Amino acid sequence: MEISGLPLELWRLILAYLPLPDLGRCSMVCRAWYELILSLDNTRWRELCLGCIECKHPNWPNEPDVEPRSWREAFKQHYVASRTWTKNAQDLESSNCLHLFRKKKDRKTIYVGPGGDHDNLRSALGVANIYDKIVLYPGVYEEQSEVILKVPVEIVGQGNLGDVALLAGFDQHCLTARLCNLVFMPAWFTPVVYKISSGHVQFDNCNFENGQLQVSVPGTCQLKFCTFNQSSISFHSVAFSIIENCEFNGSENASVTVEGYPTSEKNWACKYMAILAKSRLLLNGNDQALSETVCTVTQNDVSVQNARNCEIVINGVPGESQSVPLSHDHCDKENQTNGNLCTTKESEAMTLRTDCSDSELSSFSDTDEDSDEQSVYKLSYRSHGLSHMLARTEEFRPQRNGLSVLSSDLELKTLQQELQRDKEAQSLANFLHGCLIRKCLFRDGKGGVFICTQGQARLEGNIFRGLTYAVRCIQNSKIVMLKNEISHCKASGIFFRLTAGGLIADNNIHSNAEAGVDIRKGANPLILCNKIHSGLRSGIVVLGNGKGIIRSNQIYGNKEAGIYILYNGNPVVSGNHIFQGHAAGVAVNENGRGQILENVIRENQWGGTDIRRGGDPILRRNLICYGYSDGVVVGEKGKGLIDGNTIYGNKGCGVWIMSSSLPHITSNQIGHNSIYGIAVFCRKDDANDYLANQAGNENYNDEGEAANWENDLESEDDRFTSERPISVALIESNSISHNGAAGLYVKSSEALNIATNAVHANHDSGIAVFQSTQLTRIANNSITCNSAAGVLIETGCKVELRGNGIYDNNSHGIISKGDGIILENDILGNHGSGIQLLESADVKVLRNRIQSVHNFAVAILDQAKGLVQDNTIFQGKSEKNILQQLVNTEDCTIQNNEFLAYKKKSDVAERLENPPARPHIEGSNRDNSTDETSQKVATVTTRISTRVEGGCHNGGSIFCSIL
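Residues numbered from 1 in each chain as written. Predicted model: local features only at pLDDT ≥ 70, side-chain atom pairs only at ≥ 80, totals over all residues. Heavy atoms only, no water.

1. Digging into the overall build of the protein
Rules: Strands are runs of DSSP state E lasting at least 2 residues, helices are runs of H or I lasting at least 4, and numbering of each runs from the N terminus. Accessibility here uses a 1.4 Å probe with only protein chains present; expressed as a share of the type maximum, an area under 20% marks a residue as buried, one over 50% as exposed, and anything in between as partly exposed. By the convention used here, residues are in contact when the closest approach between their heavy atoms is within 4.5 Å.
Within the protein, the secondary structure is distributed over 14 helices and 79 strands. Here the protein holds 963 residues, and 60% of them are scored as buried. Put simply, of all contacts in the protein between residues at least 6 apart along the chain, 55% involve residues at least 24 apart.

2. Remarks on the packing of helix H2 (residues 20-27) against helix H3 (residues 31-38)
In a packed pair of helices, the relevant descriptors are the angle between the two axes and the axis-to-axis distance. Note the following rule: Axes here mean lines fitted to C-alpha atoms, for a helix over just the part in contact, with angles spanning 0 to 180 degrees between N-to-C directions. Any angle that falls under 35 degrees is termed roughly parallel, while one over 145 is termed roughly antiparallel, one within 65 to 115 roughly perpendicular, and all others oblique. Residue type decides the class: Asp, Glu, Lys and Arg count as charged, Ala, Val, Leu, Ile, Met, Phe, Trp, Tyr, Cys and Pro as nonpolar, and the leftover types, Gly among them, as polar.
In contact at an axis separation of 7 Å, H2 and H3 are set at 140° when each is read in the N-to-C sense. Classified by the angle between their axes, H2 and H3 sit oblique to one another. Seen from H2, the contacting residues are Leu 23, Cys 26 and Ser 27; seen from H3, they are Trp 33, Tyr 34 and Ile 37. Grouping the constituent residues of the contact of H2 with H3 by class yields five nonpolar, one polar and no charged.

3. Points about the environment of Leu 390
Residue position: Leu 390 is located in helix H10 (residues 387-393). Spatially, the C-alpha atoms of Leu 390 and His 760 are 7.5 Å apart, while their sequence positions differ by 370 residues.

4. Quick notes on the packing of aromatic side chains
Worth spelling out the cut-off: Here a Phe, Tyr or Trp ring, Trp counted by its six-membered ring, pairs with any other such ring whose centre lies within 6.5 Å, and the pair is stacked when the planes are under 30 degrees apart, edge-to-face when over 60, and tilted otherwise. Two conditions define a charge located above a ring, namely a distance within 6 Å from the ring centre to NZ of Lys or CZ of Arg, and an angle within 35 degrees of the ring normal.
In total, this model carries 20 aromatic pairs according to the counting rule given. Centre to centre, the rings of Trp 188 and Phe 189 are 5.5 Å apart; their planes meet at 85°, and the pair counts as edge-to-face. Between Arg 472 and the ring centre of Phe 495, over which it is positioned, the NZ or CZ distance is 5.3 Å. Geometry around Phe 579 places Arg 602 over its ring, the cationic atom sitting 4.3 Å from the centre.

5. Concerning unusual backbone geometry
With omega at 5°, the peptide bond leading from Trp 60 into Pro 61 counts as cis. For Pro 61, the location among the structural elements is in the loop between helix H4 (41-51) and helix H5 (71-81). A cis geometry characterises the amide bond from Val 217 onward to Pro 218, with omega recorded as 0°. Phi at Glu 839 is positive, roughly 50°, even though this residue is not glycine. Position of Glu 839 among the secondary structure elements: in the loop between strand E70 (835-837) and strand E71 (842-846). Judged by its relative accessible area of 34%, Glu 839 falls in the partly exposed class. In this model, Asn 896 sits at a positive phi of 55°, which is unusual for a non-glycine residue. The class of Asn 896 is exposed, set by a relative accessible area of 57%.

6. A short note on the pairing of strand E6 (residues 164-167)
For clarity, the cut-off: When DSSP finds two or more bridges between two strands, those strands count as paired.
Residues Val 164 and Leu 166 line one face of E6 and the alternating positions Ala 165 and Leu 167 line the opposite face, and both faces are buried. Examined bridge by bridge, strand E3 (residues 139-142) and E6 share four bridges and lie parallel to one another. When the bridges of E6 are listed, Gly 139 appears paired with Val 164. Sheet topology note: the E6/strand E9 (residues 183-185) ladder contains three bridges and is parallel. Residue pairing for E9: Ala 165 is matched across the bridge by Val 183.

7. Some remarks on the nonpolar core
Counted only if it meets this: The definition of a nonpolar core used throughout is a set of buried Ala, Val, Leu, Ile, Met, Phe, Trp, Tyr and Cys residues joined through side-chain atoms within 4.5 Å.
Within the largest apolar cluster, 129 residues are counted, with the highest numbers of intra-cluster contacts made by Tyr 194, Phe 203, Leu 223 and Ile 243. Excluding anything up to four places from it in sequence, Phe 203 contacts Leu 179, Phe 184, Tyr 194, Phe 208, Leu 213, Cys 221, Gln 222, Leu 223, Lys 224 and Cys 226. Judged by nonpolar contacts, the second largest core, of 20 residues, contains Tyr 676, Ala 679, Ala 789 and Leu 861.

8. Considering a nonpolar patch on the surface
The cut-off we apply is this: Like charges are joined within 9 Å and nonpolar side chains (Val, Leu, Ile, Met, Phe, Trp, Tyr) within 5 Å, but only among residues with over 30% relative accessible area and no salt bridge; these make up the patches. Computed with a 1.4 Å probe, the accessible areas rest on the Shrake-Rupley method; for each residue, only the protein chains presented here act as cover. Between Lys or Arg on one side and Asp or Glu on the other, a salt bridge is scored when a side-chain nitrogen of the former is within 4 Å of a carboxyl oxygen of the latter.
A cluster of nonpolar side chains, namely Leu 10, Leu 13, Ile 14 and Tyr 17, defines an oily patch on the protein surface of about 430 Å² accessible area. Structurally, Ile 14 can be placed in helix H1 (residues 8-15).

9. Observations concerning the side chain of Ser 492
For clarity, the threshold we go by: Polar contact is defined as a pair of N or O atoms within 3.5 Å, subject to the rule that within protein one atom must be able to donate a hydrogen and the other to accept it, and that residues adjacent in sequence are counted only when both atoms are side-chain atoms.
Secondary-structure assignment places Ser 492 in the loop between strand E30 (485-487) and strand E31 (494-496). With a relative accessible area of 1%, Ser 492 lands in the buried category. Among the polar contacts listed, one links the side chain of Ser 492 to the backbone nitrogen of Ala 515, at a separation of 3.3 Å. Setting aside its immediate chain neighbours within four residues, Ser 492 contacts Thr 468, Tyr 469, Ala 470, Glu 514, Ala 515 and Asp 518.

10. Side note on the confidence of the model for the protein
Atomic detail in the predicted coordinates should be set aside for any region of low pLDDT. Basically, it comes down to this: Confidence scores per residue from the predictor, reported as pLDDT, run from 0 to 100.
Model confidence for the protein is summarised by a mean pLDDT of 79, while 74% of its residues fall at 70 or above. Here residues 703-720 scores under 50 on pLDDT; set against residues more than four positions off or in separate chains, the count is 44 contacts.

11. Regarding the pattern of salt bridges
Counted according to the given criterion, the structure contains 29 salt bridges. Across the pair Glu 418 and Arg 551 runs a salt bridge whose closest N-O atoms are separated by 2.8 Å. Of this pair, Glu 418 sits in helix H11 (residues 415-421) while Arg 551 sits in strand E38 (residues 549-551), placing them 133 residues apart in sequence. Residue classification places Glu 418 among the buried residues on the basis of a relative accessible area of 0%. Between Arg 847 and Glu 824 there is a salt bridge, with the nearest N and O atoms lying 3.1 Å from each other. Highlighted residues: Arg 847 in the loop between E71 and strand E72 (849-851) and Glu 824 in the loop between strand E68 (819-823) and strand E69 (826-828), separated in sequence by 23 residues.

12. Things to note about a negative patch on the surface
The following threshold applies: Positive charges come from Lys and Arg, negative ones from Asp and Glu, while His and the chain ends are left out of the count. Where a charge lies is defined by one atom per residue type, namely NZ (Lys), CZ (Arg), CG (Asp) and CD (Glu).
The grouping of Asp 819, Asp 842, Glu 890 and Asp 891 at the surface amounts to a negative patch. Within the secondary structure, Asp 891 sits in the loop between strand E76 (882-884) and strand E77 (892-895). Judged by relative accessible area, which is 37%, Asp 891 ranks as partly exposed.

13. Examining the side chain of Asn 245
Relative to the assigned elements, Asn 245 resides in the loop between strand E17 (240-244) and strand E18 (247-249). Setting aside its immediate chain neighbours within four residues, Asn 245 contacts Pro 58, Asn 59, Trp 60, Pro 61, Lys 224, Phe 225, Cys 226, Arg 438, Lys 439 and Cys 440.

14. A word on the pairing of strand E19 (residues 254-259)
Look at any regular strand and the pattern is simple: side chains alternate between the two faces of the sheet. Counted residue by residue, E19 has five buried out of six residues, so it is predominantly covered. For strand E16 (residues 232-236) and E19, the ladder comprises four bridges, and the chain directions are parallel. Across the sheet, His 236 pairs through a bridge with Glu 259, a residue of E19. With five bridges joining them, E19 and strand E25 (residues 447-452) adopt parallel strand pairing. Directly across from Ala 254, in E25, lies its bridge partner Gly 447.

15. Details of H3
The test is simple: Here the arc refers to the directions that run from the helix axis out to each C-beta atom.
Residues of H3 that are buried: Trp 33, Leu 36 and Ile 37. The buried residues of H3 occupy an angular sector of 100° when projected down its axis, which confines them to one face.

16. Looking at the state of the cysteines
For clarity, the cut-off: Cysteine sulfur pairs qualify as disulfides if the two atoms are within 2.5 Å.
Taken as a whole and judged by the stated rule, the model has zero disulfides. Cys 180 takes part in no disulfide bond, and the closest cysteine sulfur, belonging to Cys 206, lies 6.1 Å away. Assessed through its relative accessible area of 0%, Cys 180 is described here as buried.

17. Quick notes on the environment of Val 153
On the secondary structure map, Val 153 appears in strand E5 (residues 153-157). Of the residues examined, Val 153 reaches a relative accessible area of 1% and is grouped as buried. When the C-alpha positions of Val 153 and Val 201 are compared, they lie 10.0 Å apart, and in sequence the two are 48 residues distant. Ignoring sequence-local partners within four residues, the contact set of Val 153 consists of Trp 85, Leu 125, Ala 128, Asn 129, Asp 132, Thr 176, Ala 177 and Arg 178.

Next comes the structure, spelled out in structure tokens:
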């Protein structure tokens, strides 16, 4: 009959009465009929799928309100899976009689119960042949001893789920069995409701109440649409098993335990289950889901762009609206978009002003006439050894045109990109051994999944909610977790212990009472592309010799550090976005180590990175910006190599260093921070210096039990330490510019080396030394265009200034009230005097080149004393050279200085020659390699807008002010 003979709606109405076999026959008539049958997806196919007592809604229990892509396909998958248990039939054809039996159209059906063929299940099993079907009428069937299944049978409960209950303990000794639509409760003599040590068993749409299901090698198991109330499953060295669309709740221990290495001894069902599992994997090499990332974010019902550009992605629970609030007075709550850089209203915004132009190094002229006249006196120094660093400061300016897209170098990589570049991750993503658990719900119990003693498992698309812990992986076990949601655990979400490993990828881990992921005791997992947020403590904690690779994750909104490394924790943390945390972005404490590479660390309440108490990480090529305190904090006894980072737009200091710490700070871009670029303080900190939510008083317990670290402090290897033994804190080759106070502020009781830095256009002195009882060495730096003095040295300080270029600062070049030596510096073009010695200064000024256009080259005032010898002094406009106003002139010696007058007819600025302009850096491009490594981060920063509040805390760091 032609399809066109009737309206399509009428055809659908007619075909809705056909049973399944007839629908199949109709679809084989022709293409038109095939397409007509397919069009019944939301009518007849949906009715057939939901009307089957053997299964529930295809997305039960996690998303029962979400329609499947195709009801027909869902019904087909269940229909095929429900017959997997008979796939070994061809292996049983060992006789003609059996062969004839298998050819029969229908197997025998045995009815048990009132009015049935048998009164009890045991008698029915006694007469059953292989593959017979036993139907149990509604009622409760209790057995007083263990029931042994000796032949393959199918046991099905009639009616709705719950109408048939079995109070029995089963022990399967046959090759296969299937049980459907039953309630299992333990008998009086054993808590085990079903035990299988060989063969295969399939459970469909069953309930387990207060009992245990045990599967041992070489047995296998497949469960679908089952509910476990205060019940559990235990797998022992099982080669492969599948748990799908099941619900676990109220378990007193782990709901699923996977123990022992998967055996090589596989039964007949493993092949068919593996094929079935691979056809349904959420991730595989050809799946387009790899390139699709859930990026739906709403804020006040307004969609936000995909979060690959440093934005938060929030994959909320359906029906719930999630956001990460920022509780700051200066940040309007209506502007708290999920992941956008927090901005203030225009009326509240205060942007750093740059009084000194980067392009015009002489910034002190008041009139055009003065500018023309002083150009005659100007000595060119543009070609000095750090001029290339000054050239970059023009690119290092805040912009006011809103948020720009980050460069691809610091974008979050998708899981597909990660798998393409990492063969190990790709191998783990395709890993399929042991136990596959997918689309299950674990809630309101002690534990979700426990893998131990070399067990292996794969978890996909599950929800873990309200447990003590979601997943615990220990003792050389391996786990693969993809697209799961883990929330509201009473301890940490995922535990790794005792050299366990695996892949944790594309999961949503949030709102847990302890860490989202807890790695200890040699565990070494690969953690990729997860969202770890809103935790009541840290996002990820690595301690006790824990390792791991943490890459391309979004870690945000946690009460404590986004990533917390301590007690010899030694991970590699790279390419993550760590933001909007209520404490530090990354905290490294108590001898923690590791590599922190190419992360975006922003908008955290405390330091972007906090290093203390023996912490010794490598911090390299990160963007640390827009923090509400300091960019990097190096606390007491902190160490580490801080190399090639961009530390930008923080409301505190760029880098804040305590005494008794030995960091190596090199090749960083430190700019537009509200207080100091780098501050070195003498303040000591102890346990009382830490707030309750910050590093110091941490007690990371293991599921609430007392932690004991004595056995964890032995380091297994020395990888990822900074490997540069230094005895004095070293600050070298950094660009420190446009900060709200001094570029580098020193108030320390310990020695400090400051070398080859470009200190430019800061809103106070370039370098200010307020306390320095030990020698502070300032060598080969470029100190230019700062709003106050180039270098300020207070009373009682001991400083050596050697080989620096101090140019065009808005006050004096050097102001010294302390002791030390000023040797072989170029001090030119500063608004005040070149060098001013005040109060009780005792300084040797030797072999410098000095010029002040409007003031004295060297001014010696008050009680100052010392030696001014062998200097070259260029005449300025005022023709003032050396001012000496001393009470006792015998305390100061001035000799062998050379005075050079300018040529009035010269129209060309003279150059500094023999030697050329300082600082002198051997191979002036000595840090080109580090420039290249940090260039990606620096170029990103130039395209980010910022509004940074001005002002300076007298106490130094905002962090200190809080304490």
